[in-house]
Protein chains: 2
Amino acid sequence: MPTVRFPTGKEIEVHRGTLVARALQEAGIETWLPCGGRGYCGRCRVKMEGNLSPPTGLEREQLAPEDLARGVRLACQARVAGDVRVLELQSLTGAQILTGGGELPAAAFQGTPLLQKHEVKIDPPTVRDQRPDAERLQAALGGSYHLSLPLLSRLPALLREGDFLVTAYTGEGEILKLEAGWNHGPPYGVAVDLGTTTLVAYLWDLAEKRCLGTAAAGNPQAACGDDVISRLLYAGTEAGGLARLQALAVAGVNGLVAELAAGTGVSAREIYRATLVGNTCMQHLFLGIDPSCLGKAPYVPACRGPVITTAAKLGLNIYPGGIVEFLPNVASFVGSDALAAAVAVGLPEKRGNTLLVDLGTNGELLLSTGDGIFACSTAAGPAFEGAGISAGMRAVPGAIDQIYPEGEGLKWHVIGSLSPRGFCGSGLVDALAGMLALGILEAGGRIRAPEEVGPPGSRYVAPGSRGYDFSLDPGFPFRLTQADIRKIQLAKGAVAAGMITLLEHVGLKWGDLDEIILAGGFGNYLNIQNAQRIGLIPRLPPERVQFAGNAAGTGAQMVLLSREIREKVLALAGEIRHLELAGTASFSRAFMEAMLFAPWG
Amino acid sequence: MPTVRFPTGKEIEVHRGTLVARALQEAGIETWLPCGGRGYCGRCRVKMEGNLSPPTGLEREQLAPEDLARGVRLACQARVAGDVRVLELQSLTGAQILTGGGELPAAAFQGTPLLQKHEVKIDPPTVRDQRPDAERLQAALGGSYHLSLPLLSRLPALLREGDFLVTAYTGEGEILKLEAGWNHGPPYGVAVDLGTTTLVAYLWDLAEKRCLGTAAAGNPQAACGDDVISRLLYAGTEAGGLARLQALAVAGVNGLVAELAAGTGVSAREIYRATLVGNTCMQHLFLGIDPSCLGKAPYVPACRGPVITTAAKLGLNIYPGGIVEFLPNVASFVGSDALAAAVAVGLPEKRGNTLLVDLGTNGELLLSTGDGIFACSTAAGPAFEGAGISAGMRAVPGAIDQIYPEGEGLKWHVIGSLSPRGFCGSGLVDALAGMLALGILEAGGRIRAPEEVGPPGSRYVAPGSRGYDFSLDPGFPFRLTQADIRKIQLAKGAVAAGMITLLEHVGLKWGDLDEIILAGGFGNYLNIQNAQRIGLIPRLPPERVQFAGNAAGTGAQMVLLSREIREKVLALAGEIRHLELAGTASFSRAFMEAMLFAPWG
């Protein structure tokens, strides 16, 4: 059988004629087929080499000839004709910003899923065996599961309808659903990263442990404020504000679930478990929990969690009795997203000193040392997610995700070979580094006038409504304004100051750091050197800096797949020590220093 | 302080001027004040002697002069003026058939109630103590309780509204309700005996462990059939039959709760726990569980239980989040009522051989021997509860509960000094014994013609629509017909045959029985000699025969009051060994013999 090789080195064998999309699924790689594999959206692009079927008419329609020439194909159209090699998956994973490396650690696949499906053969009653039906079922299941009254009510009819063969779905010590006879279809689960700015959902076949798809969208709560603080204000001052914020968050997740269901042919009612992560405020708002005390000193959450409830109670459009779990937070501004990211990158197992920087709308910092794990958060704002910036956007097709010097000027890369519509987080970092290199940007954050700069830099500067703008190409309908630069400056200053203060607090210096891991917020192509150049992260040797993609989403999926990993996450929530930086003198001092766009550390 | 002495020998001291009703409550005696103690229903009668306040105007209005003369008073009017002695409580406890001796075993009062109320002082958060509100609450409660999402949602506001003092109601490892500040009122619970024919509810103050009242009514499901089998048929054949039966049972309990609430001034929404017992069919029907397999071989229930749910889910009108528990059954025809009765009479602790006969609409027999407890059931029908008999009624005011020879004829006692309206169970047993003594009734069950009997018996016989009727007094608008006698004959035959077969099965003879305990069905005044005379129970020496009243109701109350007793009941459900009598040759043989109205054993 032909072999398919992946960028990670993984290899699988498939039948000749297998669709590439199918081969990717078999390899456990997340795929995103927005049009359901019908070949008309052109978004499931994958760069490959080797023996593939000739391009179809739909591929010729959707792909530029030069892309086809360099090996770009549509995963829903191309078929494996012999040994092939997958070179690049980026556009296939859709919202590239969010999906991590496409594969989870092996531990996730070895665990017990949080939702299990059983084929249960039950001994029929006889005059000599008059045990109640429920005891009969439990004995056949080999465990003691809670059986809700609605299920119990129909149990006698159900057992006899299936001639004492039933399909049982269990999770969290409870029987969630019973069907007469054996239902061959797999049970599904969904992991959700509920970001302040961006929502991402991952659909899993829990029997085969296969990711069927990923979907991402902006958080609809943005209508009530861009950041956590403005949403807390909205919840606390608008009549029905909390209820509206909750409804928006649930609607956002429902939208992703519907998109995933449509794109994969899965019925949303066969999704029996949802595992969610998010910052503490998002956790409260999604669950409808009064978040007022998160927004004022001494900043306490209502609960840590995990909060477990059913889909019907939240209005989540999956199986109504399906279990919805929001993983526990660590503190008011260190959420389950940071916790999940920590587990995804293996922080608890690290030897030496490792700093995890999870950049969502908040910057959450977790430092693992010989003395345990310390956490703090900084109010970075959504700039690195492309939000709140005039030309900012998520890392979706059409976003400039990389900018690099070429000759005397700058070149760029657009996700999905489309006309560029704006910058995503990694593009912004590159833009700033490019501006510094060309002398357009002062370390203090001011964009210089063209006459201060001179060629070649001056051609990237254009007069703006306040001072000057950075204009990558005169043909683009978007620029980076002076106001945009100030927002990014505040964000990067807050994050860097958080790092400085956290290290100071535990008595470490930069040289003591064995590893720094950047996660979240950016696309998968963050240029580490550029991040160091603008002073977002310190100048450690390149081999000590890693980029982990959307580690929070990865962690949420790992929990969905493994009871053992879930246990680890729950235990970790209580072990991490939180440091409150807000208002401390050392943070304020560090913040002033860290505002400069200049290398440090 | 004056002393009040009770029929049981118990004594309490009260302040001079204490209302008798209040003194009874303080002694832990169930009282029933239908008009809420306002003196206009005249039903809280109590016979007393000693130093009491002079009769009030309301008492002179409500009580006949001869009753006043022999010491009958209204508990809601009379006050203690010095030492007094309570002689008779019967009309005070309302539906006398059902309330047992008015006091529970001491163990019930020593246990931990299933619902607890806590005054919780919580440490307010500070910058140095940023624990989540929920953890703060749990720490102050000193336990780990589940907190539902609706409660959690409002927790931050609630804690601050009460300035970090809250009232918490807990049960079953869960926080059921939280109130800001300290609520001085006691938490209430209700125990319910859900009989096929009769429903009885007991309202308890769980803080003071005081029974506030008892209410009883016919089971409204009678509209769908008098006995278990006809209701199973209704559930299985009528469209919506099960739902209707469930709704009727719930409505019946709601009626009792409303009556208790109105009579005591308690708000039904402050009842946080309901503990129910009943036969297995009633358990299924009340909970809406498909009972179809109870009605056909091999007769298996859907579940054993206990089934725990919330009031809102069942439509029970107490606190919506209140916990409703139906205790476990033993087998298809041995329910939690028999189980509760067994615990109420201390069956598991008995040494020697003890037979408990619980006569509801089914006759449930539990035999405790050195080898454990054995159970069986017989389809007795509701005759001993006064149902299905033309002149039958529950043991409520107006029922003849005792008949005794006086001179050459018969005299009778009516509950509540009212005009008689029919016979309750104990009155029926006495009537049959009287008929046998006067030669009116043949052992085979035929009522003799007046000319066969001659005076004085002949004056109690009158021509009926089929054969002859037993007419206690020509002025009464009711008689016992030949058809009534046949129903009683079948009932008593089934019960007696069950006893014979059960003893045979375990290899015991009558002489081996150390004790026989009769419970349920009858009033509190069953004449044991008469029960032996008609052959309902065997001729054991009188000291070996006890009457335990409504032991099922007593057991349900004990469980409500004591977590420890509940544990015992749950364990016992799995330990009792059930014998299936239906269709066995030995039972059929015994049944034929046991049909005779004649002493045996």
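Structure: above.
Notes on the structure follow. Computed from a prediction, not measured in an experiment: that's the story for all the values here.

1. Some details on the pairing of strand β5 (residues 80-88) of chain A
Residue and element names in this part refer to chain A.
Okay, step 1: Pairing between strand β1 (residues 3-5) and β5: 2 bridges, direction parallel. Across the sheet, residue Arg5 finds its bridge partner in β5, namely Arg85.
Okay, step 2: Direction of pairing for strand β3 (residues 45-52) relative to β5: antiparallel, over a ladder of 5 bridges. Across the sheet, Met48 pairs through a bridge with Val86, a residue of β5.

2. Let's talk about the nonpolar core
Okay, step 1: A:Ala201, A:Ala340, A:Ala375, B:Ala201, B:Ala340, B:Val357 and B:Ala375 are the most contacted members of the largest nonpolar core, which totals 345 residues.
Okay, step 2: Other than its neighbours up to four places away in sequence, B:Ala375 contacts B:Val330, B:Ala331, B:Val334, B:Ala338, B:Glu364, B:Leu365, B:Leu366, B:Ile576, B:His578 and B:Leu579.

3. Topic: the interface of chain B and chain A
Okay, step 1: Taken together, the contacts link 36 residues of chain B with 36 residues of chain A.
Okay, step 2: Sort the elements by how many residues they give to the side of chain B that touches chain A and helix α6 (residues 149-161) of chain B lands first, with 7 residues.
Okay, step 3: Its residues assigned to classes, the side of chain B that touches chain A comprises 21 nonpolar, 7 polar and 8 charged.

4. A closer look at unusual backbone geometry
Okay, step 1: Residue A:Pro456 is reached from A:Pro455 by a cis peptide bond, and omega for that bond is 0°.
Okay, step 2: Positionally, A:Pro456 belongs in the loop between α13 (450-453) and β22 (461-463).
Okay, step 3: Going from B:Ala297 to B:Pro298, the amide bond is cis rather than trans, its omega being 0°.
Okay, step 4: Relative to the helices and strands, B:Pro298 is located in the loop between α9 (280-287) and β14 (307-310).
Okay, step 5: In this model, A:Asp163 sits at a positive phi of 50°, which is unusual for a non-glycine residue.
Okay, step 6: Looking at where A:Asp163 falls in the secondary structure, it is placed in the loop between α6 (149-161) and β8 (165-171).
Okay, step 7: According to the C-beta neighbour criterion, A:Asp163 is exposed, with 12 such atoms within 10 Å.
Okay, step 8: Backbone geometry at B:Phe164 places phi at a positive 65°, although glycine is not the residue there.
Okay, step 9: Looking at where B:Phe164 falls in the secondary structure, it is placed in the loop between α6 and β8 (165-171).

Criteria and cut-off values
Just so you know, the residues in each chain are numbered from 1, in the order the chain's sequence is written. Each chain gets a letter, beginning with A, and each ligand a number, beginning with 1, in the order they are written. Selection of residues for local features in this predicted model requires a pLDDT of at least 70, selection of side-chain atom pairs for listing and counting requires 80 or more, and totals for whole chains, interfaces and linings are taken over all residues. We treat two strands as partners when DSSP finds at least two bridges between them. Secondary structure elements are taken from DSSP: a helix is a run of H or I of four residues or more, a strand is a run of E of two residues or more, and numbering for both begins at the N terminus. By definition, a nonpolar core groups buried Ala, Val, Leu, Ile, Met, Phe, Trp, Tyr and Cys residues that connect through C-beta atoms lying within 7 Å of each other. Backbone-placed C-beta atoms define the burial measure: a residue is buried with 20 or more other C-beta atoms within 10 Å of its own, exposed with 12 or fewer, and partly exposed in between. Our contact criterion uses C-beta atoms placed from the backbone: two residues qualify when those atoms are within 7 Å. Throughout this entry, Asp, Glu, Lys and Arg are counted as charged residues, while Ala, Val, Leu, Ile, Met, Phe, Trp, Tyr, Cys and Pro are counted as nonpolar. The remaining residues, Gly among them, count as polar.

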